[in-house]
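Remarks on the overall topology
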Amino acid sequence: MASLVFQAGPNAGRRYKLGEGDYIIGRRSDCQIFVPDMRVSRQHARIRRENQQWSIEDLGSNNGTYVNGQRVQSGVLHDQDEIIIANNKIRVELPDAQPKGRSEFDAHVTVVDLQSPSLVLSSEDASDSQRFWHSSAVLAGVQDSLREQRLLERKLSAISSILEIAAQAHDPNQLLDALCVALLELFPSADSVGVLVEDERTKELKAITHRSRRSNGPGASDIRVPGTIIQHVVQDRRGILLNDGSGAGVIPVPVKRSSVGAGGGASASSSGAASSAAGSGPVPAAGPAAMGDGPTAIVKTASVIDPPSGSRMGAPIQAHQNHYGVIYVESGSRVFRQEDVDLLTSVAAQAGLAIHATRMQHQVLLKQRLERDLRVARQIQRSLLPAKPPDVVGLEFAVHYEPAYEIGGDFYDFIWHDKSHLAIVIGDVAGKAISAALYMARLTSELRSRAGIARTPARLLRRVNQEMLQLGDEGMFATLTYAIYDLNSRTLVFTNAGHVVPLLRREGRVYPLHAERAHVAPIGVMPQMEVGEARVQLHSGDLLVLTTDGIHEARDAQGNEYGIKRLSRRIRSARGGPDDVVKAILQDVDSHVASGSQGDDITIVTMGVGAKRARRRTDTIPGVAPGEPLPPEDGDGDGDGEPEGNGEPGITD
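Residues numbered from 1 in each chain as written. Predicted model: local features only at pLDDT ≥ 70, side-chain atom pairs only at ≥ 80, totals over all residues. Heavy atoms only, no water.

**A few points about the sheet that holds strand β6 (residues 53–58)**
The criterion, for reference: A pair of strands is labelled paired if DSSP reports no fewer than 2 bridges between them. Elements are defined by DSSP. Helices are runs of H or I of four residues or more, strands are runs of E of two residues or more, and each kind is numbered from the N terminus.
Reading across the sheet, the 5 strands line up as β4-β3-β5-β6-β9 and stay open at both edges, with mixed pairing between neighbours. Taken across any chain shown, the strands that pair with only one partner, and hence form the sheet edges, are β4 (33–34) and β9 (74–76). As defined by bridge partners, strand β3 (residues 23–26) adjoins β4 across 2 bridges and the pair is classed as parallel. Bridge pairing in β4 links I25 to I33.

**Focus on unusual backbone geometry**
Rules: Exposed residues in this analysis have more than 50% of their type's maximum accessible area, buried residues have under 20%, and partly exposed residues fall in between, with area computed by a 1.4 Å probe over protein chains only.
The phi dihedral of Q52 is positive, around 65°, even though this residue is not glycine. Looking at the element boundaries, Q52 is found in the loop between β5 (45–50) and β6. Taking relative accessible area as the criterion, Q52 reaches 65% and is therefore assigned exposed. Even without a glycine there, the phi angle at H320 is positive, about 55°. Of note, H320 is situated in the loop between β18 (311–319) and β19 (322–331).

**A look at the nonpolar core**
In plain terms, the rule: Among buried residues, the Ala, Val, Leu, Ile, Met, Phe, Trp, Tyr and Cys ones that are joined through side-chain atoms within 4.5 Å form a nonpolar core. In what follows, residue pairs with any heavy atoms lying within 4.5 Å of each other are defined as contacts.
Core analysis: the largest hydrophobic core is formed by 58 residues, its most contacted members being L443, L447, L480, Y482 and M607. Setting aside residues up to four positions removed in sequence, L447 forms contacts with I415, V425, L460, L461, V464, L480 and Y482. Residues L179, L241, A315 and L344 belong to the second largest nonpolar core, which totals 30 residues.

**Notes on a nonpolar patch on the surface**
Quick note on the threshold: What makes a patch is a set of residues exposed beyond 30% relative accessible area and free of salt bridges, joined within 9 Å when like-charged and within 5 Å when nonpolar (Val, Leu, Ile, Met, Phe, Trp, Tyr). Calculation of accessible area relied on Shrake-Rupley with a 1.4 Å probe; when residues are assessed, cover is drawn exclusively from the protein chains displayed. Salt bridges are counted wherever a side-chain nitrogen of Lys or Arg sits within 4 Å of a carboxyl oxygen of Asp or Glu.
A contiguous nonpolar patch, built from F477, V525 and M526 and spanning about 240 Å² of accessible area, is present on the exposed surface. The topology assignment puts M526 in the loop between β28 (519–520) and β29 (534–537).

Okay, structure coming up:
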């Protein structure tokens, strides 16, 4: 296939294969052959195939188009022609074309069969001098072929060892160190090999390892990577051969040992630049926007140094559409060829597959570890919740707890203050997952430990709020309802700290237990919180329903919330005791959400008051001394002995 090979200029080492259609050479980004050189016109020249011949046409450029040293407006191209556009030298390769200037004698090709000991000449009637010339050429060709065969065997052996390394190495750093050693063996003319890997988080190139024949270990000196190689390897995702010794765009990258994908080490931006030796930060990519007035403007923010003389090549480390880094090889004595770049690209592809596999394995292990930690955290969280509701004669309880994730922020509890006073707690911690679970664990611990000291909801929440603020968990808070039920008098004293309003079903109607004085700010928000409480007298047949906002805010496919009104209607129409009401609520919520997903934790606690006088089945209460009396209380926590009515049926504050 016809090709254009850039031998000098910003695109040095790149090969463009020519097919059907026109090929515009220019510095506009939409040109088929883009040349980031300010001396090249935006649309400089056109190459096209006409009548089985390739031709070139200058498109009115300022600096002209030259073929074999002659300025041309248009003309036919031949194999091995040299096109010069500004500082760019381009070799024309037309394999199917007859080379220009070839003699009839040169057209006779001698065929050498390496499997046969005989040498076959192309012309039987050749003269003795011609026969001698042909014999010498054939012998030289055989020697070259044998040398190439030995080189091929050595390269195949090196590739085999690289594949073996990739199969055995589980650590990406170990793989890349071994890869550099193998590449020095694979390319005897190479002086040094370096690997830059893209950081998974910052997307910058990190210098991971460097091997040199003059050093005994990895990372003994700086990697000096030409910016042209970084640009084309990262942006175009292909190997590149750089024979230009001008030194433009060469950037020193200090090697620092670091984990693949982790921080540390000198870096180069993934769009095509490296860090300076002084650590001045990522250098802009060498694209059109960063080129400035010439090709050396690629390193505006980094110190430019003259590169070592000789040939340099690079190849992308990539796999499954993911780019992982760059392999760089340099030599100061010999010139690499196209087959060397192809071989390096193949080796880099194998390294990319190995890095991809190790990263996927690492992600799987992290996911498994996270899932295991979440399972343990969920078990711990569930152990902090009551195993079952209390067994009380004359009271019937039902509970449903369903976190949206492995662990949630909702919580509930039953706390005995003494044998005749039972606290019912339900709450919701802001946030989800582990942070919310830890906050919930500390909050429930504070509630339980202080329940025996502060016997009223107002006093208890005031002290617990102070303790939670001292934790210093910025942004964390919790809403909750704390209600104490007196088994003897059937009164319920409660405080609502920013939580969902409790509902009371009585004789076919549903009442929200809302008392303005009993509603305070959530726990962990205000340092000095004024806390009040309210009292409601319960009767036989009453049903108390406490929920979290996961019920009210459950949304259907159109985003409509379930809402407290629909919840009240479902409670009112439900038949049976607390367990039947909980099932009815959940079925109605599921019907509302339909195909939608659960976005928040769901918790429901219900208590039904029976006809019998309530009493605890056992007199043993953990943490409460037998016969210890409750302190006198007035219902609103202010000690004035005068409860204040708010006009709602059965509720005083």
